[in-house]
Amino acid sequence: MLVGATRPDLTGLGEGFDAFWHERHLCTLTTVRSDGTPHMVPVGVTLDVGTAIARVITSRGSYKGRLVAAAGPAGAPAAVCQVDGRRWSTLEGRAVLRDTPEEVADAERRYALRYRAPRVNPDRVVIEIQVTRVLGNV
């Protein structure tokens, strides 16, 4: 599977794709440091198939959060990936930082549905990735 567009229609990828992104899997988030090298860390990811938006909750002071914030409103290139045996999927796009109480609460609710209720964190922000490309075999 390879889908590329300004905002791909993820709903057309089928129930298997949607189900895979709702199963409980640890994922990775890759962002790019100022020197061009990748920064990859394990994260929990939620995906809204209807809007093609992936979300990662994190602390404002985390390195991944700072990298995305430094990119400003244009966003930073980012990818999230999950693997389960031979099944895998990577979502690429532009990441921006969201920090309003409503955006954080929404991301926490989505995270709790896929994983578990996140710990209390008053410094929580959301890395929001507008997916522009999908790769994988689910």
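Before any of the text, the structure's been laid out above.
This text gives an overview of the structure that appears in the document. The model shown is predicted, which means the values in this text are computed figures rather than measured ones. (Residues numbered from 1 in each chain as written. Predicted model: local features only at pLDDT ≥ 70, side-chain atom pairs only at ≥ 80, totals over all residues. Heavy atoms only, no water.)

## Description of the layout of surface pockets
Okay, so step 1: By volume, the largest pocket amounts to about 240 Å³.
Okay, so step 2: Lining the largest pocket are 15 residues, and of these Ile 57, Tyr 111, Pro 118, Arg 119 and Arg 124 sit closest to its centre.
Okay, so step 3: Where the lining of the largest pocket is concerned, the elements lending two or more residues are strand E3 (38–43) and strand E5 (53–59).
Okay, so step 4: For the lining of the largest pocket, the element with the highest residue contribution is E5, accounting for four residues. (1 Å grid on protein atoms, 1.4 Å probe; cavity = no way out; pocket = protein on both sides within 12 Å on 5 of 7 lines; lining within 4 Å. Points joined across faces, edges and corners; volume = space filled by probe spheres on them. Helix = DSSP H or I, 4+ residues; strand = E, 2+ residues; numbered from the N terminus.)

## A closer look at unusual backbone geometry
Okay, so step 1: Even without being glycine, Ala 52 reaches a positive phi, approximately 60 degrees.
Okay, so step 2: Along the chain, Ala 52 falls in the loop between strand E4 (46–48) and E5.

## Notes on the pairing of strand E7 (residues 87–98)
Okay, so step 1: The pairing of strand E6 (residues 76–84) with E7 spans nine bridges and is antiparallel. Bridge assignment links Val 80 to a residue of E7, and that residue is Leu 91.
Okay, so step 2: Taking the residues between adjacent antiparallel strands as the criterion, E6 and E7 are bridged by two residues, where Gly 85 takes a positive phi near 60 degrees.
Okay, so step 3: Two elements, E7 and strand E8 (residues 124–136), share 10 bridges in a ladder whose sense is antiparallel. Pairing of Gly 93 across the sheet is with Val 131, part of E8. (Pairing = 2+ DSSP bridges.)

## Observations concerning helix H2 (residues 63–70)
Okay, so step 1: Within the span of H2, buried status applies to Lys 64, Gly 65, Leu 67 and Val 68. For H2, the buried positions fall inside an angular range of 160 degrees around the axis, keeping them on one side.
Okay, so step 2: In this structure, the buried side of H2 is in contact with strand E2 (27–32), E3, E5, E6, E7 and E8.
Okay, so step 3: Just downstream of H2, Gly 72 is the residue with a positive phi angle, here 75 degrees. (Buried < 20%, exposed > 50% of the residue type's maximum accessible area, 1.4 Å probe, protein only. Arc of directions from axis to C-beta. Contact = heavy atoms within 4.5 Å.)

## Regarding the pairing of E5
Okay, so step 1: Along E5, six of the seven residues are buried, which leaves the element largely enclosed by surrounding structure.
Okay, so step 2: Bridge count between E4 and E5: three bridges; the pairing is antiparallel. When the sheet's bridge partners are listed, Thr 46 is paired in E5 with Arg 55.
Okay, so step 3: The hairpin turn running from E4 into E5, its antiparallel successor, is four residues long, and Ala 52 in that turn takes a positive phi close to 60 degrees.
Okay, so step 4: Examined bridge by bridge, E5 and E8 share seven bridges and lie antiparallel to one another. Note that in E8 the partner of Ile 57 across the bridge is Val 126.

## Digging into the pattern of salt bridges
Okay, so step 1: Applying the stated criterion to the full structure yields 11 salt bridges.
Okay, so step 2: Residue Asp 99 is joined to Arg 60 by a salt bridge in which the shortest nitrogen-to-oxygen separation is 3.3 Å. Placement of the pair is Asp 99 in the loop between E7 and helix H3 (101–114) and Arg 60 in the loop between E5 and H2, with a sequence separation of 39 residues.
Okay, so step 3: Judged by relative accessible area, Asp 99 falls into the partly exposed class, the value being 40%. (Salt bridge = Lys/Arg side-chain N within 4 Å of Asp/Glu carboxyl O.)

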